[in-house]
Amino acid sequence: MTVFPCHCIKRCALKSFRSIQGAYAFYSLKFRLLYYISHSNEVKMNSGITTEEAKSVDIEELFKKLSADKKGLSASEAKDRLQKYGYNEITEKKVSPVVKILGYFWGPIPWMIEVAAVLCVIIHHWEDFYVIFALLLLNAVIGFWQENKADNAIELLKQKLALQARVLRDGKWSEVPARELVPGDIVRVRLGDIIPADVKLTDGDYLQVDESALTGESLPVEKHLSDVAYSGAVVRQGEMNALVVATGMNSYFGKTAKLVAEAKTQSHIQQVIIKIGNYLIYLAIAMVALIFIAAFIRGEGFVETLKFALVLLVAAIPVALPAVLSVSMAVGAVNLAKKKAIVSKLAAIEEIAGMDILCSDKTGTLTKNELTLADVVPFAEFADNDVLLYATLSSRAEDKDPIDSAIITKTQQVLLEAPRSYKAIEFKPFDPVSKRTEATVESADGNRFKVTKGAPQVILSLAVDKESVQAKVEEGVNAFAAKGYRTIGVARTDAQGSWQFVGLIPLYDPPREDSKQTIETAESMGVDVKMVTGDHTAIAKEVGRLVDLGTNILPAATLLDKSDSEAERMVEDANGFAQVFPEHKYRIVELLQKKQHIVGMTGDGVNDAPALKKADAGIAVSGATDAARSAADIVLTSPGLSVIIDAIKESRKIFQRMNSYAIYRIAETMRVLFFITLSILIFSFYPVTALMIVLIALLNDAPIMTIAYDNVRYHNEPEKWNMRMVLAMATLLGVIGVIFSFGLLLYAEEVLHLPREIIQPFIFLKLAVAGHLTIFLSRTRGHFWSIRPGSALLWSAVGTKLLATLIVVYGFLVPAIGWELAGLVWGWALVEFVVTDFIKVPIFKRF
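Residues numbered from 1 in each chain as written. Predicted model: local features only at pLDDT ≥ 70, side-chain atom pairs only at ≥ 80, totals over all residues. Heavy atoms only, no water.

For the protein chain, the count of helices and strands is 30 helices and 24 strands. Every one of the 847 residues in the protein chain was classed for burial, and the buried ones make up 57%. Restricting to contacts in the protein chain with at least 6 residues of sequence separation, those with at least 24 account for 74%. As displayed, the protein chain has an accessible area near 34500 Å², and 58% of this comes from carbon and sulfur atoms. (Helix = DSSP H or I, 4+ residues; strand = E, 2+ residues; numbered from the N terminus. Buried < 20%, exposed > 50% of the residue type's maximum accessible area, 1.4 Å probe, protein only. Contact = heavy atoms within 4.5 Å. Areas by Shrake-Rupley, 256 points an atom, 1.4 Å probe, with all protein chains shown as cover.)

Right, dumping it as structure tokens:
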């Protein structure tokens, strides 16, 4: 267990693209257990006290339970408790680098490569051994490098913890590293501080705390005596003493870090590569076994049979599979970067293509995360502008209070210079007892009066016209509360010094301008959008109404006492969830995944990081915290969600290319394996040499990477890997290819009476030409001309086939066959291409 201190804050760059060229490593046995989500948001401490229990226990009783008092702990007691509770920091279990790198040599495809390497040694093919060993080592190095540069979300979460803390020990205040705090310590927190641990407030007036990055609540939260404040929250106003109740991994913040650490998933592209690899491996093993059986029966030389089997086995390994998929996704990632979406995990592109549910955070994602005034409600003879003016005069910009800032900003937009004609004589800031601010001001003509703003009930109690306006005030406050708005009352004194109720100011966090359109477009593409927020239910319902998301918003706590099956149904049916803690978000994603949904999650705060990591596609929006960006697979660098639509479209195009290549790769492997094996069994003849098999692999696989630039059309429904369809279509194309290859072989032997040394390059050219044409069959569901191929793909195919033709015509590395036989092969391959295309179309339609 490695322990990490929290004393070096730095900004980390976004994770670089994670290549999946080391996709063989996906076979290694490294699947981790997912974190078990309890049905409680309590955080257990060694003492048996939880953060939730600390909320309900009074201060004196809590001091007793923690064996502490208001004078603080002694240095010796603090040292003893540090041994008992551990450091106030986030810990992570580290795996030995040696164990990590050895994992990349374990699994079905690594085994195949290792067997091939051993066979090379047995028959003394050292050149082949060096190539194969280099391939295996390269896979391990790439995979190890990829894993080590990933997953820095925990480090960024740790950096949010306070560096130093003011603590009372031995009766004296001193500063100590925050990591040395223990339950029972007395700490002092004030304006600008990051709260260093979960604490119970024990002395002082009040705090205004920004918990948006932890809980998702968009407004600062007031904390009073006996309230609990969470580790990692930021103090915006006030100063208080507090009793430490939970530290490190036992704190609310620590539990969030733990969820991020445990949130590991295996991407669908990994699963697909495993299935394709296994299918080809079993096929190759079966064919090689048949060849050995036939050689044994016929009494053929073991070494020569072994040599050919080795080449056949290596040819069957989908060497280019991870590289082609990687290039396809990397090209897509570059296109997305141009549209302000940075891809930090290439496999996420495939996940977004299949995403059918998008869990969207509210604050800062669907909304702007800024307090804004709704339409004010004036009373009596006062007008809207009067309400704004008097509210502004009772505010002070330098206090940087979010409510004051929102009011001042709105007033400057409407009244421009009007407030500047008034002079502030005296100002009383907000305090939690009076619950209002008050200012004495003087107008340009020397008229003095007072203005105030604050809790509507408090302002109403000052007014001389209370009886006449009370019903209207209460009606307005209740109406705004139903929408989740916070309401402020405003009043001023008249010439006699009596307070007059001026009006009400509702405040809310407005939706982004593009949220409604983005949700509508996403749903038209088969993606169901659900809101997941830490804010109150009324606020979430109002935002849901404004963006046409729906108002079936449930408190997350309703899931806690439900069975898994019932909870899964509720999560599917709901438009969203409110009052959500990090473990709730994690569980919501987990429940949806259990119902076979591919889940995307957007977010911007620390509280979103676990769910971003757990989701199939985690999307950090513009302005997200480092922790959220690190946990995410895709990071948006422009405001709003509209770029997600571009990401979905681009991802679905990439999926089409990968699907086409998967069908091609399986079909081509089957075509070569079946034809060669059956030729050996039936005709006792090797139709191509080992060198020709290597040349076929090079000529087909190297240029096929240009499929990343192919022209495709995206679907308006989520894409999912249908392995039954992929394998069935690949088998169809492969079998037709084998039939035509046998037809050409028989024609060469029985009609043309070609010698076998000429038949081999003759068949080599057929396999090369017809093989690459297969990609033009697999890339469309209709006829090959229905979608024009990309120029790079088309010309790379033409170029390599011409190269193969020149090799056999002029006899480079193989016997020469001349232009006449080469022309016959081309004609045969083109006929096969057209016939196969007309057979393929109705079969595709059936799937």
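This brings us to unusual backbone geometry. Although it is not a glycine, Asp170 adopts a positive phi angle of roughly 55°. In this structure, Asp170 sits in the loop between β3 (164–169) and β4 (172–177). A positive phi angle, near 55°, is found at His753, a position not held by glycine. Tracing the chain through its elements places His753 in the loop between α27 (723–751) and α28 (756–778).

Let us now look at the packing of aromatic side chains. Scanning the entire structure with this criterion turns up 15 aromatic pairs. Summarising the aromatic geometry, the rings of Tyr485 and Tyr508 are spaced 4.8 Å apart at their centres and angled 25° between planes, so their arrangement reads as stacked. With Tyr485 in the loop between α18 (466–482) and β17 (486–493) and Tyr508 in strand β18 (residues 499–508), the pair connects residues that are 23 residues apart, well separated along the chain. Under the relative-accessibility criterion, Tyr485 is labelled buried at 13%. Among the aromatic residues, ring-to-ring pairing joins Phe382, Tyr390, Tyr422 and Phe449 into one connected group. The cationic tip of Lys472 hangs over the ring face of Phe379; the distance from NZ or CZ to the ring centre is 4.7 Å. (Phe/Tyr/Trp six-rings, centres within 6.5 Å; stacked < 30°, edge-to-face > 60°. Lys NZ or Arg CZ within 6 Å of the ring centre and 35° of its normal.)

Take the sheet that holds strand β24 (residues 634–636) next. On the basis of which strands lie adjacent, the open sheet formed by 8 strands has the order β10-β24-β23-β22-β11-β19-β21-β20 and mixed pairing. Only two strands of the sheet have a single partner each, and these edge strands are β10 (341–343) and β20 (553–555). Direction aside, neighbouring strands of the sheet carry axes that sit 20° apart on average. With 3 bridges joining them, β10 and β24 adopt antiparallel strand pairing. In the sheet register, Ile342 faces β24, and the bridge partner there is Val635. Sitting on the sheet, helix α20 (residues 537–546) touches β19 (528–532), β20 and β21 (576–578), and the angle it makes with β20 is about 165°. (Pairing = 2+ DSSP bridges. Axes fitted to C-alpha atoms, helices over the stretch in contact; angles between N-to-C directions.)

Where α27 contacts α28, the two axes come as close as 10 Å, and the packing angle between them is 155°. One way to sum up the angle between α27 and α28 is to call them roughly antiparallel. Viewed along their axes, α27 and α28 form a crossing whose handedness is right-handed. Of the residues in α28, those in contact with Leu733, Gly737, Phe740, Ser741, Leu744, Leu745, Ala748 and Glu749 of α27 are Arg756, Ile759, Phe762, Ile763, Lys766, Leu767, Thr774, Leu777 and Ser778. Considered class by class, the residues forming the contact of α27 with α28 number 10 nonpolar, 4 polar and 3 charged. (Parallel < 35°, antiparallel > 145°, perpendicular 65-115°, else oblique. Left-handed = near helix turned anticlockwise from the far one by under 90°. Nonpolar A, V, L, I, M, F, W, Y, C, P; charged D, E, K, R; others polar.)

Using the criterion set out here, one finds 27 salt bridges in the structure. Between Lys450 and Glu438 there is a salt bridge, and its shortest N-O distance comes to 3.7 Å. With Lys450 in strand β16 (residues 448–454) and Glu438 in strand β15 (residues 436–442), this residue pair connects regions lying 12 residues apart in the sequence. Here Glu438 falls in the buried class, since its relative accessible area comes to 10%. In this structure, Arg756 and Glu749 form a salt bridge, with 2.9 Å as the shortest nitrogen-oxygen distance. Three or more residues joined by partner-sharing salt bridges are found here, namely Asp564, Arg587, Glu590 and Lys594. (Salt bridge = Lys/Arg side-chain N within 4 Å of Asp/Glu carboxyl O.)

Before going further, it helps to examine the packing of helix α25 (residues 642–683) against α28. Packed helices, taken two at a time, are described by their axes: the angle between them and the distance between them. Taken N-terminus to C-terminus, the directions of α25 and α28 make an angle of 155°; their axes are 9 Å apart at the nearest point. Classified by the interaxial angle, the pair formed by α25 and α28 is roughly antiparallel. The chirality of how α25 crosses α28 is right-handed. Between α25 and α28, the residues in contact are Ser660, Tyr661, Ile663, Tyr664, Ala667, Glu668, Arg671, Phe675 and Phe683 and Arg756, Ile763, Lys766, Leu767, Ala770, Gly771, Thr774, Ile775 and Ser778, respectively. Taken together, the residues that form the contact of α25 with α28 break down as 10 nonpolar, 4 polar and 4 charged.

Residue position: Thr677 is located in helix α25. What makes Thr677 buried here is its relative accessible area of 0%. Those residues within four positions of Thr677 in sequence are excluded, and the remaining contacts are Met287, Leu290, Ile291 and Leu312.

This part is about the pairing of β4. As defined by bridge partners, β3 adjoins β4 across 6 bridges and the pair is classed as antiparallel. When the sheet's bridge partners are listed, Ala165 is paired in β4 with Val176.

In this fold, Leu389 is placed in helix α15 (residues 384–393). Taking the C-alpha atoms as reference points, Leu389 and Lys410, separated by 21 residues in sequence, lie 9.9 Å from one another. Discounting residues that sit within four places of it in the chain, Leu389 has contacts with Leu415, Pro419 and Tyr422.

Turning our attention to α25. Look at α25: 62 Å from first C-alpha to last across 42 residues, which is about the 62 Å you get at 1.5 Å a residue. Within α25, 34 of the 42 residues are buried, leaving the element largely enclosed by the surrounding structure. Ser684 occupies a position one or two residues after α25 and carries a positive phi of about 50°. (Expected span 1.5 Å × (residues − 1).)

Before going further, it helps to spend a moment on the confidence of the model for the protein chain. Counting all residues, the mean pLDDT for the protein chain is 79, and 81% of those residues have values of 70 or more. When the criterion is pLDDT under 50, residues 1–48 qualifies, and its contacts beyond four places in sequence or with other chains add up to 164 contacts. Note on residues 149–158: pLDDT is under 50 here. Beyond four places in sequence and across chains, it has 36 contacts. (pLDDT = per-residue confidence, 0-100.)

Attention shifts here to helix α21 (residues 564–573). Taken together, the buried positions of α21 are Ala567, Glu568, Met570 and Val571. Each buried residue of α21 lies within a common arc of 165° when the element is viewed along its axis, so the set occupies one face. (Arc of directions from axis to C-beta.)

The next thing to look at is the side chain of Thr392. Topologically, Thr392 is positioned in helix α15. Judged by relative accessible area, Thr392 falls into the buried class, the value being 11%. Engagement of the side chain of Thr392 in a polar contact is seen with the backbone oxygen of Leu388, the distance being 2.8 Å. Not counting residues within four places of it along the chain, the set of residues in contact with Thr392 comprises Ile407, Ile408, Thr411 and Pro419. (Polar contact = N/O pair within 3.5 Å; in protein donor to acceptor, adjacent residues only side chain to side chain.)

Residues Leu290, Ile293, Phe296 and Ile297 make up a contiguous nonpolar surface patch of about 470 Å² in total accessible area. Mapped onto the secondary structure, Phe296 falls in helix α10 (residues 268–298). (Patch = residues over 30% accessible without salt bridge, like charges linked within 9 Å, V, L, I, M, F, W, Y side chains within 5 Å.)

Let's shift gears to the nonpolar core. The nonpolar side chains of a soluble globular protein tend to be buried, and buried together. With 113 residues, the main nonpolar core has Phe762 and Ile763 as its most contacted residues. Once you skip the residues sitting within four places of it in the chain, Ile763 turns out to touch Phe675, Pro687, Val688, Ser741, Leu744 and Leu745. Counting 27 residues, the second-largest nonpolar core is a separate cluster that includes Leu559, Leu592, Met601 and Val635. (Core = buried A, V, L, I, M, F, W, Y, C linked by side-chain atoms within 4.5 Å.)

This brings us to the pairing of strand β11 (residues 357–361). Most of β11 is tucked away: 5 of the 5 residues are buried. Taking every second residue as pointing to the same face, both faces of β11 are buried, with Ile357, Cys359 and Asp361 on one and Leu358 and Ser360 on the other. In the sheet, β11 pairs with β19 via 5 bridges, with the strands oriented parallel. Directly across from Leu358, in β19, lies its bridge partner Val529. Across 4 bridges, β11 lies against strand β22 (residues 599–603) in parallel orientation. Across the sheet, Cys359 pairs through a bridge with Met601, a residue of β22.

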